[in-house]
Amino acid sequence: MIRYALKCAHEHEFEAWFSNSAAFDEQKTRALIECPHCGSAQVEKAIMAPMVRTSEAVESRQSDMRKAVAEAMHRVRTHVEQNFDYVGDSFAREARDMHEGLAPERPIYGEASRDEVRELIDDGIPVAPLPIPAGETPKPKTLN
């Protein structure tokens, strides 16, 4: 798709989308493009400044996005640590007991091995990894 800035014979400016430049040429030849202001079919392409992204702008935007994601992950982790019960290495057993009705439901977080997490997921027990802050390498914690 391509967007063109257009101008009619009466100097009304508007924009329109075309599948490609040939589609614009064909529709113009067949007088299928009309000014939405006055209905004139005498339409030409107007001068349009291209949108150019510099690598510096792209890098800056990516940096901003990384920061936003890191901040969101930090907020999630802080919320969990303040509002969930930490059960340490007993996470898999606690999550399974709650799922099977052997323990009261409550939000928990703690540590679990990959095999334990895989077994919980295979058994339909909802778990998710807890985000680890950048620069920190603690044991992976899981939440339920």
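Predicted model only: the values in this text are computed from it and were never measured.

Under the definition given, this model contains four aromatic pairs. Where Tyr4 meets Phe18, the ring centres are 5.9 Å apart and the plane angle is 45°; that geometry is what we call tilted. Here Tyr4, found in strand β1 (residues 2-8), pairs with Phe18, found in strand β2 (residues 13-18); they are 14 residues apart in sequence, far enough to count as distant. Each member of the pair, Tyr4 as well as Phe18, carries the same accessibility label: buried. Through pairs of rings, three or more aromatic residues link up here, namely Tyr4, Phe18 and Phe24.

Moving on, we come to unusual backbone geometry. With phi around 70°, Glu11 is a residue other than glycine that occupies positive phi space. Here Glu11 is to be found in the loop between β1 and β2. We classify Glu11 as exposed; its relative accessible area is 53%. A positive phi angle is found at Ala31, which is not glycine, with a value near 55°. For Ala31, the location among the structural elements is in the loop between α1 (21-29) and β3 (43-45). Take Ala31: its relative accessible area is 41%, and that puts it in the partly exposed class.

This part covers the pattern of salt bridges. Here the structure, examined in full by the defined rule, presents 11 salt bridges. Note that Glu26 and Arg30 form a salt bridge whose closest N and O atoms lie 3.2 Å from each other. In this structure Glu26 comes out as partly exposed when scored by relative accessible area, which is 46%.

Okay, the sheet that holds β3 next. Pairing in this open sheet of three strands is antiparallel, and the strands run β2-β1-β3 from one edge to the other. In this open sheet, the two edge strands, each paired with only one partner strand, are β2 and β3. Strand-to-strand twist across the sheet, computed as the mean angle between neighbouring axes with direction ignored, equals 40°. Across six bridges, the pairing between β1 and β2 is antiparallel. Following the sheet pairing, Arg3 is matched in β2 by Trp17. Strand contacts of α1: β1, β2 and β3, with the helix running at about 30° to β1, the strand carrying the most contacts.

On to the confidence of the model for the protein chain. Looking at the protein chain, pLDDT values average 87 and 88% of them are 70 or higher. Per-element confidence in the protein chain is highest for helix α3 (residues 91-99), whose mean pLDDT is 96, and lowest for strand β7 (residues 141-143), whose mean pLDDT is 55.

Counting residues in hydrophobic clusters, the biggest one holds 12 residues: Val87, Phe91, Ala92, Ala95, Met98, Ala103, Ile108, Ala112, Val117, Leu120, Ile125 and Val127. Listed by contribution, the elements that provide at least two residues to this core are α3 and α4 (114-122). If you tally residues by element for this core, the top one is α3, at four residues. Within the second largest apolar cluster, 11 residues are counted, among which are Cys8, Ala16, Cys35 and Val43.

One can find Pro126 in the loop between α4 and β6 (128-129). Along the backbone, Pro126 and Ala95 are 31 residues apart, and their C-alpha atoms lie at a distance of 8.6 Å.

How each quantity is defined
- Numbering of residues begins from 1 in every chain and follows the order in which that chain's sequence is written.
- Only residues with pLDDT of 70 or above have their local features reported here, since the model is predicted, and side-chain atom pairs are shown and tallied only from 80 upward, although totals for entire chains, interfaces and linings are computed over all residues.
- Only hydrogens and water are set aside when side-chain values are computed; all heavy atoms of the structure are taken into account.
- Only rings of Phe, Tyr and Trp enter the pairing, Trp through its six-membered ring, and a pair is recorded when the two centres are within 6.5 Å. The plane angle decides the type: under 30 degrees is stacked, over 60 is edge-to-face, the rest tilted.
- A run of H or I in DSSP counts as a helix once it spans at least four residues, and a run of E counts as a strand once it spans at least two, with each numbered from the N terminus.
- When a residue's accessible area, from a 1.4 Å probe over protein chains only, is under 20% of the maximum for its type it is buried; when over 50% it is exposed; and in between it is partly exposed.
- The rule for a salt bridge is simple: a side-chain nitrogen of Lys or Arg has to be within 4 Å of a carboxyl oxygen of Asp or Glu.
- Following DSSP output, two strands are said to pair if at least two bridges run between them.
- Only C-alpha atoms enter the line fits that serve as axes; for helices the fit covers just the stretch in contact. Angles between N-to-C directions range over 0 to 180 degrees.
- Note on contacts: a residue pair is in contact if any heavy atoms of the two residues lie within 4.5 Å.
- Confidence scores labelled pLDDT are given residue by residue by the predictor and lie between 0 and 100.
- Here, the term nonpolar core denotes a set of buried Ala, Val, Leu, Ile, Met, Phe, Trp, Tyr and Cys residues that are joined through side-chain atoms within 4.5 Å.

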